[in-house]
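Listed below are the residues making up each chain.
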There are 2 protein chains.
Amino acid sequence: MDHSFFHQQLQFTRSFKNKLNERLAEAGLFHSQWLLIYCLKQQKAATLVEISNYLNVEKPTITRTVKRLEEQMLIEKIPSRDKRERPIQLTEKGLHIYEEAIRIVNDFEQNLMEEISEIDQETTLRTIKRLKTNLMKEELR
Amino acid sequence: MDHSFFHQQLQFTRSFKNKLNERLAEAGLFHSQWLLIYCLKQQKAATLVEISNYLNVEKPTITRTVKRLEEQMLIEKIPSRDKRERPIQLTEKGLHIYEEAIRIVNDFEQNLMEEISEIDQETTLRTIKRLKTNLMKEELR
DNA sequence: TACAATTAGTTACTTAGGTAACTTTATTCG
DNA sequence: CGAATAAAGTTACCTAAGTAACTAATTGTA
C-alpha cells in the first residue's frame, strides 16, 4: 500500500495554512480568524453553533476565535430573544478588514491554481468530497 | 472566486486526522507518533533533522514527539560520532507497535479509497503535488 | 591554530484544533 | 405545572504545529 497520497495531502494543507498565514499577517489576521470573518460575511449574523456547523469546527475552538476577534473589535454581539445564544456580526472595522483580506486570499488561491486545468480541479474537488463521505461512513464501523 | 476547493481540502484533512487518531488509539498512538514510527521503519535509524526533512515538519515538533515515544519505550537513542546529533531507532516494542499500526492504517486508507477510480486518484495526487510546487514559488514573491 | 560560521537539538511561547465536563436557558412531556 | 431533557456556550486540559532565541558541537577559513 502506498501512503503517499494522504501524506501529500496532509503536507500540502499544512504548508497552505502556513503560507496563507504569512499573507494574512498583512491584514492582521490568522487563517482561522479569516474563516470566521468570511463565514459572517456570507451569513450577515450567526450564533457560535451556526458558525461551528458551517466551518465544521468544534464549539470551543470557535469560542476562542470569537473572543480574539472581539478584542480586535472586528465583530460584535447582537441581542437575541433566546438568552442561551449569543449571535455575532461583523463591525464596520470587520467589514473593512474583510475587504482587505478577500483580496489577499483571492490572489493567493489564484496563484496556486496557476496552470492547473479546470478538469483537474474538478476531478480533485470531486475526489476530496468523495473521500469526505467515505470518512463519514468510517464513523459507524 | 470559489473558495470551496481549498476549504474542502482543509476540512477533509482535519477529519482525516481525527478519525485516524480514533483508530490508532487502539495501538496507543496518535497520528503524529505514527508518522515518526513509520519514518523510522523506512530508514532504520535517523536523526531529528533527517526526520524533520522527511516529514517536512519543524524540529521542535519532532523533539516533542520523540520525547513521548521515548517515554513509551517505542524508540531508543543510539550512539553517534557527532555529539551534536542524537540518532534514534525503533525498539523491539516499537517494531511490534509498527506492525499493529500499519494494519490499522492500511485498512483505514483502503476503506477511504473505496470506489474512487485509479485515474481519479492519480489526477488528484498529481494536482496536489502541483499545488505544492506552486506553494513553493509563492514563497519567493 | 584560533576564531567565525554553521549545524543539531532544545526551550519557551504562540495559534489551532479536539474532548469532557460544566452552567445557564429553553423545551418537552408526564 | 414541574421535573427531566436538550441546547448554547464556556472552561479546563489535551495534542499538534509554528517561530524565535538559545546551547553545544563541529567545520571552515583567515
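Reading the values: the criteria
Residues numbered from 1 in each chain as written. Chains lettered and ligands numbered in written order. Predicted model: local features only at pLDDT ≥ 70, side-chain atom pairs only at ≥ 80, totals over all residues. Heavy atoms only, no water. Contact = heavy atoms within 4.5 Å. Buried area = accessible area lost by both parts, 1.4 Å probe. Salt bridge = Lys/Arg side-chain N within 4 Å of Asp/Glu carboxyl O. Polar contact = N/O pair within 3.5 Å; in protein donor to acceptor, adjacent residues only side chain to side chain. Helix = DSSP H or I, 4+ residues; strand = E, 2+ residues; numbered from the N terminus. Nonpolar A, V, L, I, M, F, W, Y, C, P; charged D, E, K, R; others polar. Near = heavy atom within 4 Å. Core = buried A, V, L, I, M, F, W, Y, C linked by side-chain atoms within 4.5 Å. Buried < 20%, exposed > 50% of the residue type's maximum accessible area, 1.4 Å probe, protein only. Expected span 1.5 Å × (residues − 1). Pairing = 2+ DSSP bridges. Least-squares fit on C-alpha atoms with pLDDT ≥ 70 in both.

**Student:** Can you walk me through the interface of chain B and chain A in this structure?
**Tutor:** Reports of interface size often rely on the accessible area that becomes lost once the parts have come together. Counting residues at the interface gives 55 residues for chain B and 55 residues for chain A. Across the chain B/chain A interface, buried area totals approximately 5800 Å², and carbon plus sulfur atoms make up 63% of it. Taken together, the links from chain B to chain A amount to four salt bridges. At the boundary of chain B and chain A, one finds 21 residue pairs in polar contact (both at pLDDT 80 or more). Of all the secondary-structure elements, those providing two or more residues to the side of chain B that touches chain A are helix 1 (4-24), helix 2 (31-43), helix 3 (48-55), helix 5 (92-112) and helix 6 (118-138) of chain B. Ranked by residues supplied to the side of chain B that touches chain A, first place goes to helix 1 of chain B with 16 residues. Across the side of chain B that touches chain A, the residue classes tally to 21 nonpolar, 18 polar and 16 charged.

**Student:** I'm lost on the protein's contact with DNA strand C in this one. Help?
**Tutor:** Around DNA strand C, the structure places 24 residues, and the nearest of them are S32(A), R64(A), V49(B), K59(B) and R86(B). Between DNA strand C and the protein, one listed contact pairs a phosphate oxygen with a side-chain N or O atom of R68(A) at 3.0 Å. Residue classes in the surface near DNA strand C are distributed as six nonpolar, five polar and 13 charged.

**Student:** Just checking my understanding: could you explain the protein's contact with DNA strand D for this structure?
**Tutor:** Taken together, 25 residues lie around DNA strand D, and R14(A), K59(A), R86(A), S32(B) and R64(B) are the ones closest in. Near-protein atoms of DNA strand D (within 4 Å) split between backbone and bases, with sugar and phosphate holding 71%. Measuring from a base nitrogen of DNA strand D, one finds a side-chain N or O atom of R64(B) at 2.5 Å. The set of elements that each furnish at least two residues to the surface near DNA strand D consists of helix 1 (4-24), helix 3 (48-55) and helix 4 (59-71) of chain A together with helix 4 (59-71) of chain B. Partitioned by chemical class, the residues of the surface near DNA strand D number six nonpolar, five polar and 14 charged.

**Student:** Explanation requested: the side chain of T47(A) in the structure shown.
**Tutor:** Topologically, T47(A) is positioned in the loop between strand 1 (45-46) and helix 3. Setting aside residues no more than four positions away along its own chain, T47(A) makes contact with E85(A), R86(A) and P87(A).

**Student:** In this structure, what is going on with the nonpolar core? I would like to understand it.
**Tutor:** Soluble globular proteins tend to pack their nonpolar side chains together in the buried interior. Residues F16(B), L29(B), W34(B) and I51(B) are the most contacted members of the largest nonpolar core, which totals 41 residues. Looking at this core, the elements that each hand over two or more residues are helix 1 and helix 6 (118-138) of chain A together with helix 1, helix 2, helix 3, helix 4, strand 3 (88-90) and helix 5 of chain B. When residues no more than four places from it in sequence are discounted, the contact partners of W34(B) are L24(B), L29(B), Y98(B), A101(B), I102(B) and V105(B). Of all hydrophobic cores here, the second largest spans 40 residues; its members include I62(A), I97(A), I116(A) and L131(B).

**Student:** Which parts of the structure should I look at to understand helix 6 of chain A?
**Tutor:** It helps to recall that an α-helix has 3.6 residues per turn; residues three or four apart then point in one direction. In a regular helix each residue adds 1.5 Å, so 21 residues correspond to 30 Å; helix 6 of chain A covers 30 Å between its end C-alpha atoms and thus fits that length. All of the buried residues in helix 6 of chain A are D120(A), Q121(A), T123(A), T124(A), L125(A), T127(A), I128(A), L131(A), K132(A), N134(A), L135(A) and E138(A).

**Student:** Would you mind showing me how to read the pattern of salt bridges here?
**Tutor:** Opposite charge on two side chains permits pairing when their charged atoms draw close. All names here are of chain A. In total, this model carries 10 salt bridges over all chains according to the counting rule given. In this structure, E22 and K19 form a salt bridge, with 3.8 Å as the shortest nitrogen-oxygen distance. With E22 and K19 both in helix 1 and three residues apart, the pair spans about one turn of that helix. Close ionic contact of R84 with D82 constitutes a salt bridge, the shortest N to O distance being 2.9 Å.

**Student:** Honestly, unusual backbone geometry in this entry has me stumped. Any pointers?
**Tutor:** At E115(A), a residue that is not glycine, the phi angle is positive and equals roughly 65 degrees. Note on placement: E115(A) falls in the loop between helix 5 (92-112) and helix 6.

**Student:** Where do I start with the sheet that holds strand 2 (residues 75-77) of chain A in this structure?
**Tutor:** Strand pairs in the sheet, formed through backbone hydrogen bonds, run parallel or antiparallel to each other. Residues and elements named next belong to chain A. The strand order across the open sheet formed by three strands is 1-3-2, and the pairing between neighbours is antiparallel. Here the strands that pair on one side only, and so sit at the sheet edges, are strand 1 and strand 2. Pairing analysis gives three bridges linking strand 2 to strand 3 (residues 88-90), with the strands arranged antiparallel. Across the sheet, E76 pairs through a bridge with Q89, a residue of strand 3.

**Student:** Is there a simple way to explain the relation of the copies chain B and chain A in this structure?
**Tutor:** Put simply, the two copies of the chain differ by a rotation about an axis and a shift along that axis. Turning chain B through 180 degrees and shifting it by 0.0 Å along the axis lays it on chain A, with an RMSD of 0.0 Å. Each copy turns onto its partner about a two-fold axis. Nearest to the rotation axis, the C-alpha of T124(B) is located 2.3 Å from it, this being the minimum over chain B. Counting the interface residues of chain B, we find that 100% of their copies in chain A are interface residues as well, pointing to one common contact surface.

**Student:** Sorry if this is basic, but what is going on with the side chain of N134(A) here?
**Tutor:** One can find N134(A) in helix 6. Owing to a relative accessible area of 3%, N134(A) belongs among the buried residues under this scheme. Polar contacts involving the side chain of N134(A) include one to the main-chain carbonyl oxygen of E114(B), which spans 3.2 Å. Those residues in contact with N134(A) that lie beyond four places of it in its chain are N111(B), L112(B), M113(B), E114(B) and I116(B).

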